[in-house]
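Listed below, chain by chain, are the residues.
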Amino acid sequence: RPHSFTIVSVDRVLHCLADSEEDMSAWINALQPYGEGEDEGAGRAAIEKGWLIKETASGKLRTKRFFVLTESGLDYYRSPDTSVPPAGQISLNNLCTVISPDEVIARESGHWMFTLNTRRRFYRLTAKSNSDEMRWVQAIQEVIDNKPPIITPTEKLVDDFRQAGPGEIEAIYRVNPILSYTANHLKASLLALPYGEVMSHKAKSRGYGTYQEEALRIFNSLQDEESLGNPIPVIQGILQTCCDLPGLRDEVYCQLIKQTASPPELDSIAILRNWQVLACMTSSFLPSRKYLRYLRFHLQRHPICCRCGRRIVHVSHCLSD
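Residue positions within a chain follow its written sequence, with the count starting from 1. Side-chain atom pairs in this predicted model are given and counted only at pLDDT of 80 or more, local residue features only at pLDDT of at least 70, and totals for whole chains, interfaces and linings cover all residues. The side-chain quantities take in all heavy atoms of the structure and omit both hydrogens and water.

Draft legend 1. Focus on the overall build of the chain. The way it works is that DSSP assigns letters per residue, a run of H or I at least four long becomes a helix, a run of E at least two long becomes a strand, and they are numbered from the N terminus. For the chain, the count of helices and strands is 12 helices and 9 strands. Whether a residue is buried, partly exposed or exposed follows from its accessible area with a 1.4 Å probe, protein chains only, as a fraction of its type maximum: under 20%, in between, or over 50%, in that order. Relative to its full complement of 321 residues, the chain shows a buried share of 44%. We call two residues in contact whenever any of their non-hydrogen atoms come within 4.5 Å of each other. Long-range contacts, defined here as pairs at least 24 residues apart, represent 59% of the contacts in the chain between residues at least 6 apart. We get accessible surface area from the Shrake-Rupley algorithm with a probe of 1.4 Å; when it comes to residues, only the shown protein chains can shield them. With an accessible surface of roughly 17,800 Å², the chain has 52% of that area assigned to carbon and sulfur atoms.

Draft legend 2. Structural detail: the environment of I178. The residue I178 is located in the loop between helix 5 (166–175) and helix 6 (201–205) in this model. Look at I178 and you get partly exposed, because its relative accessible area is 30%. Between the C-alpha atom of I178 and that of L157, which follows or precedes it by 21 residues, the distance is 9.6 Å. Look past the residues within four positions of I178 in its chain and what remains in contact with it is P153, T154, L157, L190 and K258.

Draft legend 3. Region of the structure containing helix 7 (residues 211–225). Given a helix with a known number of residues, its expected span is that number minus one, times 1.5 Å. When the terminal C-alpha atoms of helix 7 are compared, their 21 Å separation across 15 residues agrees well with the 21 Å that a helix rising 1.5 Å per residue should span. Residues of helix 7 that are buried include every one of Y211, E214, A215, I218, F219, L222, Q223 and E225, and no others. Buried residues in helix 7 make contact with helix 8 (232–244), helix 9 (249–259) and helix 10 (269–284).

Draft legend 4. Looking closely at the sheet that holds strand 9 (residues 122–127). One bridge is not enough; two strands pair if DSSP finds at least two bridges between them. The 7 strands are arranged 6-5-4-3-9-8-7 in an open sheet whose pairing can be described as antiparallel. The open sheet has two free edges, formed respectively by strand 6 (88–91) and strand 7 (97–99), since each of these has just one partner strand. Shown here is a sheet whose adjacent strand axes are inclined to one another by a mean of 35 degrees, direction ignored. Sheet topology note: the strand 3 (residues 48–55)/strand 9 ladder contains 3 bridges and is antiparallel. Between N-to-C directions, angles cover 0 to 180 degrees, with each direction set by a line fitted to C-alpha atoms, over the stretch in contact for helices.

Draft legend 5. Focus on the environment of E48. With respect to the helices and strands, the residue E48 is situated in strand 3. Put simply, E48 and V68 are 20 residues apart on the chain and 5.9 Å apart in space, counted from C-alpha to C-alpha. If sequence neighbours within four positions are ignored, E48 has contacts with F67, V68, L69, R135, W136 and A139. Throughout this description, a polar contact denotes any pair of N or O atoms lying within 3.5 Å of each other; where both atoms belong to protein, one of them has to be capable of donating a hydrogen while the other can accept it, and for residues adjacent in sequence the pair is counted only when both atoms sit in side chains. A polar side-chain atom of E48 sits 2.9 Å from a polar atom in the side chain of R135.

Draft legend 6. Spotlight on the pattern of salt bridges. By definition here, a salt bridge exists when the distance from a side-chain nitrogen of Lys or Arg to a carboxyl oxygen of Asp or Glu is within 4 Å. According to the stated counting rule, one finds 8 salt bridges in the structure shown. Across the salt bridge formed by R135 and E48, the nearest N and O atoms sit 2.9 Å from each other. Residue R135 is found in helix 3 (residues 130–145), and its partner E48 is found in strand 3; the two are separated by 87 residues along the sequence. You can call E48 buried: its relative accessible area is 14%. Notably, a salt bridge pairs E55 with R62, separated by 3.4 Å at the nearest N-O pair. R62 gets classed as partly exposed once you look at its relative accessible area, which sits at 38%. Several salt bridges converge on common partners, so that one network encompasses E48, D132 and R135.

Draft legend 7. Up close: a negative patch on the surface. The patches described consist of residues with a relative accessible area above 30% and no salt bridge, like charges being joined within 9 Å and nonpolar side chains (Val, Leu, Ile, Met, Phe, Trp, Tyr) within 5 Å. Within this scheme the basic residues Lys and Arg register as positive and the acidic residues Asp and Glu register as negative, but His and the chain ends are omitted. Working definition for charges: the position is that of NZ of Lys, CZ of Arg, CG of Asp or CD of Glu. Side chains of D19, E21, E22 and D23 sit close together on the surface and give a patch of like negative charge. Positionally, D19 belongs in the loop between strand 2 (13–17) and helix 1 (21–40).

Just distances and angles here, no functional claims.
Set out below in structure tokens:
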């Protein structure tokens, strides 16, 4: 499109549209020094470098590449000559995960392959020895740990509630539909979840996918459950998932708060079903402290004289114990 330009950062790609060619040029000229500064500054200093074997996503092709790890991410080249443009770049943020191989399998096969999960795909990288693999995994993990946290719109709004007055809170709900009930499917989780498949043995044996996939699956289950005559199997499935995957509990609480906030019909069966799930959740396990405050605030906004009142009282009772 005319007057459009793109900003590529470690965390995301932003497509921008200016009003005129002059505005576009002004923005590009203003932003350019920051990108150039990163290329020349400490962010490009090598933290770790060496040869690794990179496997394609399909697993059919393995290529040897010279990797360079910096604070900005992971670049790979066809030779140790890093003065030329890299053959590829892997952006890192604080949601990336790096997984060591199973030591028994690695020793038997002689392949010290670790997995790096990023926003768009995963990478299987093989080091020549156990010590090399451990060094790379530790260095990559340190870079990931030093990245600034990614905050989703829901997380930002939950933080805003802590500093808002009563009138401001209702205004936040009015202008931010992401906090309120929706009949549409979610396209992404409400909270920032780590990339990659869940790696615990129990989770693998139950066939779970990535945290993102499981979060969307649970939200779809909540929507399906609204119209079921017997919601118990769905509720049991959600509770089992939260039991197996503790990292999903805050996400599920936020989904349930969303699906019981500002509904089109306060006394509908659909809303009653969601309050039932919320009551079962609070009877089983509580959210973290940040979202526990959010849940208590949510309860204060809802009257207990409606059809769902008994469930609201039950939730409040569980939180007070």
